[in-house]
Amino acid sequence: MSGTLIRTASPVAVRAVPRSAWRPRLGILTRYASPFLLVLFWQAACSVGLLSTRLVASPAQIVATGWALTRDGTLPTNLAVSLARAGFGLGIAFVAGVSLALVSGLSRLGEDIVDAPLQILRTLPALALVPLFILWFGIGETPKIALVALGSSFPIYLNLHKGIRSIDPKLLEMARTLGLSRARTIRDVILPGALPDLLVGLRFAVGISWLMLVVAEQVNADSGIGHMMMDAEDFLRTDIILVGLVIYGLLGLASDQIVRFLENTLLSWRPSHRIGRST
Amino acid sequence: MNTVVQVTQEVPAPARDDAAVVVHGLTRRFGDGPAVLDRLDLAIAPGEFVALLGHSGSGKSTLLRTLAGLDPVTEGSVVRPREVSVVFQESRLLPWKRVWQNTVLGQDGADRRDRAVAVLEEVGLGHRVDAWPLTLSGGEAQRAALARALVREPAFLMLDEPFAALDALTRLKMQRLVSDLWIRHRCAVLLVTHDVDEALLLADRAVVLERGRIRTDVPIPMDRPRRHADPRFEHLRGILLESLGVHDG
Ligand SMILES: Nc1ncnc2c1ncn2[C@@H]1O[C@H](COP(=O)(O)OP(=O)(O)OP(=O)(O)O)[C@@H](O)[C@H]1O
Ligand SMILES: [Mg+2]
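Only a predicted model underlies this, so the values are computations on that prediction, with no experimental measurement involved.

Residue and element names in this part refer to chain A. Mapped onto the secondary structure, Asp-115 falls in helix α4 (residues 108-121). The charged side chain of Asp-115 is buried without a salt bridge, its nearest counter-charge being Arg-122 at 7.8 Å. At 2.5 Å, the side chain of Asp-115 and the side chain of Tyr-157 are in polar contact. Here Asp-115 is in contact with Ser-104, Gly-110, Tyr-157 and His-161, once residues within four sequence places are set aside.

Following this line, the structure appears as structure tokens:
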């Protein structure tokens, strides 16, 4: 009886090894198969005239236009402008969000002063401020950067504040029994403990910054990816509009990867992260 | 020995210059509730190992927190050495610092790592010096917490049910470890436990707390290492169980 059990068990074990080794590569194949097929269909539909290129350009055309725009410098210039706006805005948002969260997270008085107004402000949709910002800051770079900064400081502030406030009180108590000074407690216990939440906030902030930028550049701008797309609209150039969309998509993907990389390096102490990386 | 008088409220402290820890007339209540600690007197000699027993809610942790300086002394007085360490039921390691960094947290000096490695080896954790705390087993984490307590060379070590969350086998190993460490370091120890056998294996004295007062305070005059088979063990076990209100015939 036991003999048959052993015999039935061994082929299962042997089969399990190559399957687990194969799964990642197969996974990549199956994951990218359906988008690839979709693009193929799209191209085919455009080629046989099922889809009017007036409404939507074909993938081949998008690639060609993208290449042409790159060669004549239109795309790199506009991309650089957009990246600079997003970068500046995010930088300001990071400094402002982190400082405000530290003030309100580390002192009761600071919380009373800072938190209440911010909680009220955050209920306002930042995009509703576009007209006001144009009135205040004109149509230069300032309103666009300000809009990005405003929109993306909230997730950074809110998440870091929550992270600081939800530090395990037992760890704080431990720090007290070890005789850690306030400064040391902040440096060694509170800030590292709140870092995961800060990174969550940063991830949201990056997403919001692109959203803000799209709106700001399409409402009024003479440069940037959004402007390039609005310009193309006037000439019914769906291919250029789609190039812009692709760029936005790639930017979103790239910034997400950067934040993910930050999480993996800064939070390497979390066992789940190491498991996530190895599989 | 540098002692610190935390608060003395018109209660003259008893003349116990030889003691490491003196608690006198300590009363503690939360809000308007009943006194959790009720005019408590307790003295612990330098190097003495005291086990603190008592029912859940009898005030053991409250006493320990007061001694650790986590809770204020509002009524009565507490005298204790400046160098104290506490180990809780949970290891309370910082997950984002490696084991050795946790051990010497808050300590200065260029030889921090060497000191951490030495004390970690002493508690049998020399192979996990660079590990992240979240990858430690429960027993290993408590060893690290013990190492962190010992690296400060405390004159008074407090342990609040440090092995309660461990399995029986690991607990036995940890008890032996604490016994060895105590023999080597000879600091005063206050061990809170629910386990009468643990108290009898480790302590010089067992104190039973009941509703904030000391109900029983018995010396445990047995040579170490101790054996359950010792007739005095059985006798003391009976006394302690009796004062805990447990009768085993
Ligand atoms: N912060 C607090 N606020 C109000 N009541 C408290 C507080 N801390 C403890 N108590 C009460 O004080 C009493 C003694 O608590 P304590 O934690 O000292 O008990 P214990 O002897 O350690 O019990 P256990 O063996 O379950 O750990 C309990 O009735 C508890 O509810
Ligand atoms: Mg307790």
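Another point: the site of ligand 1. Residue and element names in this part refer to chain B. In the vicinity of ligand 1, the contacting residues are Phe-30, Val-36, His-55, Ser-56, Gly-57, Ser-58, Gly-59, Lys-60, Ser-61, Thr-62, Glu-161 and His-194. A distance of 2.5 Å separates an oxygen atom of ligand 1 from a polar side-chain atom of Ser-56. Contact with the protein chains hides 55% of the accessible area of ligand 1, taken as 640 Å² for the molecule alone. The greatest single-element share of the shell around ligand 1, amounting to 3 residues, is contributed by helix α1 (residues 60-67).

Moving on, we come to the UniProt feature "domain: ABC transporter" (unreviewed entry) in chain B. On the UniProt side, "domain: ABC transporter" (unreviewed entry) is annotated at positions that read residues 21-236 of chain B here. Annotation note: span residues 21-236 of chain B, helix share 31%, strand share 27%, distance between end C-alpha atoms 25 Å.

Here the focus is the interface of chain A and chain B. With 17 residues of chain A at the interface, the matching set in chain B holds 22 residues. Taking both partners together, chain A and chain B bury about 1,900 Å²; carbon and sulfur atoms supply 65% of that area. When the area that chain A buries against chain B is broken down by residue, the three leading residues are Met174(A), Leu178(A) and Trp269(A), summing to 30%. Summed over the shared surface of chain A and chain B, the result is 5 salt bridges. The tally of links from chain A across to chain B stands at 7 residue pairs in polar contact (both at pLDDT 80 or more). Among the elements that make up the side of chain A that touches chain B, the one with the highest residue count is helix α7 (residues 169-177) of chain A (6 residues). Its residues assigned to classes, the side of chain A that touches chain B shows 8 nonpolar, 3 polar and 6 charged.

What follows covers the nonpolar core. Judged by nonpolar contacts, the single largest core of 84 residues is most densely connected at Leu67(B), Phe156(B), Met158(B) and Leu190(B). Tallying contributions element by element places helix α8 (residues 182-219) of chain A first for this core, with 13 residues. Leave out the neighbours within four places in its chain, and Leu67(B) touches Val21(B), Val23(B), Val78(B), Arg80(B), Phe156(B), Met158(B) and Leu190(B). Leu93(B), Val178(B), Cys187(B) and Val196(B) belong to the second largest nonpolar core, which has 52 residues in total.

All names here are of chain A. Taken as a whole, this structure holds 5 aromatic pairs over all chains when the rule is applied. Their ring planes at 90° and their centres at 5.3 Å tell us that Phe-133 and Phe-137 sit as a pair that is edge-to-face. Note that Phe-133 and Phe-137 are positioned in helix α5 (residues 130-137) at a spacing of 4 residues, about one turn of the helix. For Phe-137, a relative accessible area of 34% corresponds to the partly exposed category. Ring geometry for Trp-136 and Phe-137: centres 6.1 Å apart, planes at 85°, overall edge-to-face. What makes Trp-136 exposed here is its relative accessible area of 56%. Grouped by ring-pair contacts, the aromatic residues Phe-133, Trp-136 and Phe-137 constitute a single cluster.

The next point concerns the packing of α7(A) against α8(A). Residue and element names in this part refer to chain A. Relative orientation of the contacting elements α7 and α8 amounts to 150°, with a least axis distance of 10 Å. Looking at the two axes, α7 sits roughly antiparallel to α8. The element α7 and its partner α8 pack so that their crossing is right-handed. Across the interface between the two elements, Leu-171, Leu-172 and Ala-175 of α7 pack against Thr-185, Val-189 and Ile-190 of α8. Among the residues forming the contact of α7 with α8, the class breakdown is 5 nonpolar, 1 polar and no charged.

All names here are of chain A. The interhelical angle for the contact between helix α3 (residues 74-106) and helix α10 (residues 238-266), taken along N-to-C directions, is 45°, at an axis separation of 12 Å. Classified by the angle between their axes, α3 and α10 sit oblique to one another. Here α3 and α10 pass one another in a crossing that is right-handed. Together, Leu-75, Leu-79 and Leu-83 of α3 and Val-243, Ile-247 and Leu-251 of α10 make up the contact between the two elements. Of the residues contributing to the contact of α3 with α10, the split by class is 6 nonpolar, no polar and no charged.

Reading guide: rules and limits
Residues numbered from 1 in each chain as written. Chains lettered and ligands numbered in written order. Predicted model: local features only at pLDDT ≥ 70, side-chain atom pairs only at ≥ 80, totals over all residues. Heavy atoms only, no water. Helix = DSSP H or I, 4+ residues; strand = E, 2+ residues; numbered from the N terminus. Buried < 20%, exposed > 50% of the residue type's maximum accessible area, 1.4 Å probe, protein only. Lys, Arg positive; Asp, Glu negative; His and termini not counted. Salt bridge = Lys/Arg side-chain N within 4 Å of Asp/Glu carboxyl O. Polar contact = N/O pair within 3.5 Å; in protein donor to acceptor, adjacent residues only side chain to side chain. Contact = heavy atoms within 4.5 Å. Near = heavy atom within 4 Å. Areas by Shrake-Rupley, 256 points an atom, 1.4 Å probe, with all protein chains shown as cover. UniProt positions renumbered as here; feature names shortened; annotations may be inferred. Buried area = accessible area lost by both parts, 1.4 Å probe. Nonpolar A, V, L, I, M, F, W, Y, C, P; charged D, E, K, R; others polar. Core = buried A, V, L, I, M, F, W, Y, C linked by side-chain atoms within 4.5 Å. Phe/Tyr/Trp six-rings, centres within 6.5 Å; stacked < 30°, edge-to-face > 60°. Axes fitted to C-alpha atoms, helices over the stretch in contact; angles between N-to-C directions. Parallel < 35°, antiparallel > 145°, perpendicular 65-115°, else oblique. Left-handed = near helix turned anticlockwise from the far one by under 90°.

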